[in-house]
Amino acid sequence: MKLHDHKPEDSQVLQVNSLGDDHRLCEHLTLGEFKSRDGYGLCLVHPALLTGFILIRRGIGVRMKIQSGFRSDPHNARIGGSPTSFHRVGMAIDLRPVVPEDEMLLVLMGMQRLAIGIGMGGVRLYREKSFLHIDVGPKRT
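These lines cover the structure that appears in this document, whether it is placed above or below. Quick caveat: nothing in here was measured; it's all calculated off a predicted structure.

## Focus: the sheet that holds strand 8 (residues 131-135)
Right, on to step 1. Taken in spatial order, the four strands line up as 5-6-8-7 in an open sheet, and their pairing is antiparallel. A strand with exactly one partner marks an edge of an open sheet, and here the two such strands are strand 5 (64-68) and strand 7 (122-126). Looking at each pair of strands side by side, their axes are set apart by 25° on average, direction ignored.
Right, on to step 2. Two strands pair when backbone bridges link them, and strand 7 and strand 8 are joined in this way by five bridges, in the antiparallel orientation. In the sheet register, Val-123 faces strand 8, and the bridge partner there is Ile-134.
Right, on to step 3. Sheet strands in contact with helix 3 (residues 47-60) are strand 5, strand 6 (92-97) and strand 8, and its direction is about 140° off that of strand 5.

Next comes the structure, spelled out in structure tokens:
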């Protein structure tokens with residue numbers, strides 16, 4: 001499966017209220033972690049993004065905190081996100097490894113190398129905020 005150049009219309013629409021926050025999107029990711037932070041009732045998630053997340057999580061072997069997953073349009077605008085952000089269509093996730101601070105940069109750089117190696121679309125390391133952005137859009141770093 002390729003992990004780049006996917007289309008938003010392939011994202012799955014999930015009803016947050018009927019599934020609940022504990023609904024597992026995959027082994028190490030719940031709907032509550034991925035959904036929009038503003039209480040929006042729907043959540044979009046692209047299957048290829050979940051595949052990329054699983055491969056990175058397994059490859060690194062540490063727990064991940066989700067800085068940002070799906071964002072509703074109002075939430076995305078409120079936090080100053082790009083109007084064309086892949087977060088708005090469930091095609092992006094920002095990951096922060098749960099490791100001691102003195103190991104953070106080394107683990108993030110390993111995650112970045114792994115994300116590029118498995119063919120994620122967008123990969124960007126935010127050193128100052130200690131997280132890695134990955135998405136399944138066009139290839140870029």
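After that view, the rundown keeps rolling.
## Thoughts on the packing of aromatic side chains
Right, on to step 1. With the rule as written, the count across this model stands at two aromatic pairs.
Right, on to step 2. With 4.6 Å between their ring centres and 20° between their planes, Tyr-126 and Phe-131 make a pair best called stacked.
Right, on to step 3. Owing to a relative accessible area of 10%, Phe-131 belongs among the buried residues under this scheme.

## Some remarks on the nonpolar core
Right, on to step 1. Leu-29, Phe-34, Ile-93 and Ile-134 are the most contacted members of the largest nonpolar core, which has 36 residues in total.
Right, on to step 2. Ignoring sequence-local partners within four residues, the contact set of Ile-134 consists of Leu-49, Phe-53, Ile-56, Met-91, Ala-92, Ile-93, Leu-95, Ala-115, Met-120 and Gly-122.

## Considering the environment of Arg-127
Right, on to step 1. When you line up the elements, Arg-127 lands in the loop between strand 7 and strand 8.
Right, on to step 2. It is 9.2 Å that separates the C-alpha atoms of Arg-127 and Met-109, two residues lying 18 residues apart in sequence.
Right, on to step 3. Look past the residues within four positions of Arg-127 in its chain and what remains in contact with it is Leu-105 and Met-109.

## Details of the pattern of salt bridges
Right, on to step 1. What the rule picks out here adds up to six salt bridges.
Right, on to step 2. For Asp-38, the salt bridge goes to Arg-78, with nearest N and O atoms at 3.6 Å. In this pair, Asp-38 is assigned in the loop between helix 2 (31-34) and strand 4 (42-45) and Arg-78 in helix 4 (residues 73-78), connecting sequence segments 40 residues apart.
Right, on to step 3. The class for Arg-78 is exposed, based on a relative accessible area of 57%.

Criteria and cut-off values
- Residues numbered from 1 in each chain as written.
- Predicted model: local features only at pLDDT ≥ 70, side-chain atom pairs only at ≥ 80, totals over all residues.
- Heavy atoms only, no water.
- Pairing = 2+ DSSP bridges.
- Helix = DSSP H or I, 4+ residues; strand = E, 2+ residues; numbered from the N terminus.
- Axes fitted to C-alpha atoms, helices over the stretch in contact; angles between N-to-C directions.
- Contact = heavy atoms within 4.5 Å.
- Phe/Tyr/Trp six-rings, centres within 6.5 Å; stacked < 30°, edge-to-face > 60°.
- Buried < 20%, exposed > 50% of the residue type's maximum accessible area, 1.4 Å probe, protein only.
- Core = buried A, V, L, I, M, F, W, Y, C linked by side-chain atoms within 4.5 Å.
- Salt bridge = Lys/Arg side-chain N within 4 Å of Asp/Glu carboxyl O.

Functional significance is not addressed by these values, which are geometric in nature.
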